[in-house]
Each structure stands twice: as C-alpha cells, then as structure tokens.
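So you can see what is in the structure, the chains are spelled out below.
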Amino acid sequence: MNLQMIGTGSAFAKKYFNNNALIEQDGFKLLIDCGITAPMALYQLDIGMEELDAVLVTHMHGDHVGGLEEYGFQMKFKHGRRPVLYLADTLAAPLWNNTLSGGMTQEGIEKLEDAFDVRTLHTGDVQEIAPNLCVELVHTQHIEGKNSYSLILNRDVFYSADMTFDRELLMTLVRDRGVRRIFHEVQLEGPGAVHTTLDELLSLPEDIQEMTQLMHYADNRDEFEGRIGKMKFLEQGLVYSI
Ligand SMILES: O=c1ccn([C@@H]2O[C@@H]3COP(=O)(O)O[C@H]3[C@H]2O)c(=O)[nH]1
Ligand SMILES: [Zn+2]
Ligand SMILES: [Zn+2]
C-alpha cells in the first residue's frame, strides 16, 4: 500500500495544502478527505480527478470536504459518472443538508446519491473497499456534537482524523491490535482544544513515537524540527510505501 499526502497542512495553513491523503493499493486510488484545496493539490501533482477510484471523508470541515462540490461536478459534467463516496452513515445527511446542497442542487441533483455513488460505512465493521484494501472506521472525539472518524487501514495502519488526544486508543491499537504505523494529526502549539498537541504525543512511549508520523500541521512546522521526539513529519507530495 502506498500513501501520498496531497496536503499536510492544518485548516489555516497557507504553505501546505489541506490534510488529504491518497492511498494506492493494487492500482486502486482512494482519496482520504477532499478539502477546499484538494482540486489544486491534485492538479499540482498531475493527478486527474478522474483517476480517483473513490473518496472517503472523515468529518464535516472545509479542509476535509470543501472540494467535494468541484469533484462531483467535474465527474458529472466532464466525465459523465457519479464518483464513489465512502462515509460513515451518520455523515451522509449532514454532508448533503449542511454542506453540499446549496451549491449542487439543480434539476437531476436533489440528493447526495444523485451526485455520488454513496457507500456508507459503520464503526467497527472492517470493510473491503477494493482487493487487498480494507478500512475500519473508529469514532474519535474532535468537536462536541460533531461526528468524526479515524481509520484503520488493512488492520494495522492507524490514520487519525482530526481528534483530541486519546492515549488509551493509541496504546490499545498498538499493544492489543497490532497496529504498526500511526499517521497522526498534530497541533504544534497552544492548547489542543479540538486537536492533539505535540506535547501530548511526546508523552507516548518511545516505541509508539517511532511508528508515528505527523500531519495536519501549521505553517511554522520548521520551527519544530528536532523537537518532535522519535516522531517524524509526513512530507506533502512524497509517496510512502506503508
Ligand atoms: O471549536 C473549534 C472549532 C474549530 N476550530 C478551528 O477551526 C478549524 C476547522 O478545521 P480543523 O478541525 O482542521 O481545525 C479547526 C480549528 O483550527 C477551533 O479552533 N475550535
Ligand atoms: Zn482539519
Ligand atoms: Zn476538523
């Protein structure tokens, strides 16, 4: 499985695109989150939207779903098809009613399923979405009253959605469930009201830090080189074999 971050930035970053990831397994391309900057990020990486086999969204914030209108429209009007969209069952109604309906509603597009081939996921189920690619949703805390879902890929890779620190989850995933790599969002400074702070991640045992790579970071990331313990920053655009 390959992972390429088309962006590694926080919601307010300007040096980095939104924190969206391209997963490739046996030729199948899955985009995890499609934020406001995703169309430009894909363009700059010379990846056509039509090359994506599916998009999966973790939660309703612009840096994770803000590019879906353009994606849906490009697929319909340039490529004549409804793209596959994976999301938690709880997110389908808010995605249409609160985010996409304003821009996309027109004759023939009256609901989410008119624009996308919607495939709902349920927490705890391991769903094979392509040969040798399975995904499990893990409900993680981000903002009170807003559902947000982290992912376990192929049973042993944890990809965090935006989330507050959950030491117990990370310890359980590694110690009991055999997770061997962690891609984790990070807030480099300030209180982690809705995110996980660097200091919190630095409190993890060293063996867990060693398997952890940081993403969703602010523009001043370079100031933190050498201050991230055994962890590493994920680099935007690079293809990682994971
Ligand atoms: O209660 C809140 C809600 C939001 N925010 C900011 O808005 C951003 C929305 O995208 P994000 O989830 O990547 O990051 C969030 C934060 O930067 C916040 O600081 N406190
Ligand atoms: Zn975000
Ligand atoms: Zn968020």
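Residues numbered from 1 in each chain as written. Chains lettered and ligands numbered in written order. Predicted model: local features only at pLDDT ≥ 70, side-chain atom pairs only at ≥ 80, totals over all residues. Heavy atoms only, no water.

The name given to the chain in an unreviewed UniProt entry is MBL fold hydrolase, and the organism recorded there is Saccharibacillus kuerlensis. As stated in UniProt under Function (unreviewed entry), the record for the chain gives "Counteracts the endogenous Pycsar antiviral defense system. Phosphodiesterase that enables metal-dependent hydrolysis of host cyclic nucleotide Pycsar defense signals such as cCMP and cUMP." (UniProt positions renumbered as here; feature names shortened; annotations may be inferred.)

### Regarding the coordination of the zinc ion (ligand 2)
Bound to the zinc ion (ligand 2) on the protein side are Asp63 (OD), His64 (NE2), Asp162 (OD) and His216 (NE2), at distances that span 2.0 to 2.3 Å. Binding-site remark: the zinc ion (ligand 2) is held by donors from one chain whose sequence spacing is D-H-x97-D-x53-H. (Donors = N, O, S within 2.8 Å, 3.2 Å for Na, K, Ca; no water.)

### Some words on the environment of Asp222
Positionally, Asp222 belongs in the loop between strand S12 (212–215) and strand S13 (232–233). Once the C-alpha coordinates of Asp222 and Gly102 are considered, the two residues, 120 residues apart in sequence, prove to be 39 Å apart. When near neighbours in sequence (up to four residues on either side) are disregarded, Asp222 contacts Lys15 and Tyr16. Polar side-chain contacts of Asp222 include one of 3.5 Å to the side chain of Arg221. (Helix = DSSP H or I, 4+ residues; strand = E, 2+ residues; numbered from the N terminus. Contact = heavy atoms within 4.5 Å. Polar contact = N/O pair within 3.5 Å; in protein donor to acceptor, adjacent residues only side chain to side chain.)

### Re the UniProt feature "domain: Metallo-beta-lactamase" (unreviewed entry) in the chain
Following the UniProt record, one finds the feature "domain: Metallo-beta-lactamase" (unreviewed entry) at residues 17–216. Regarding residues 17–216, the helix share stands at 30% and the strand share at 26%, and the terminal C-alpha atoms are separated by 9 Å.

### Focus: the coordination of the zinc ion (ligand 3)
The protein atoms that coordinate the zinc ion (ligand 3) are His59 (NE2), His61 (ND1), His142 (NE2) and Asp162 (OD), at distances of 2.2 Å. Between the donor residues of the zinc ion (ligand 3), the gaps in sequence give the motif H-x1-H-x80-H-x19-D. Between the zinc ion (ligand 3) and the zinc ion (ligand 2) the interatomic distance comes to 3.7 Å, and Asp162 is a ligand of both metals. Of this pair, His142 sits in the loop between strand S8 (133–139) and strand S9 (149–153) while Asp162 is found in the loop between strand S10 (157–159) and helix H6 (167–175), placing the two residues 20 residues apart along the sequence. Residue His142 is classed as buried on the basis of its relative accessible area of 3%. You can call Asp162 buried: its relative accessible area is 2%. (Buried < 20%, exposed > 50% of the residue type's maximum accessible area, 1.4 Å probe, protein only.)

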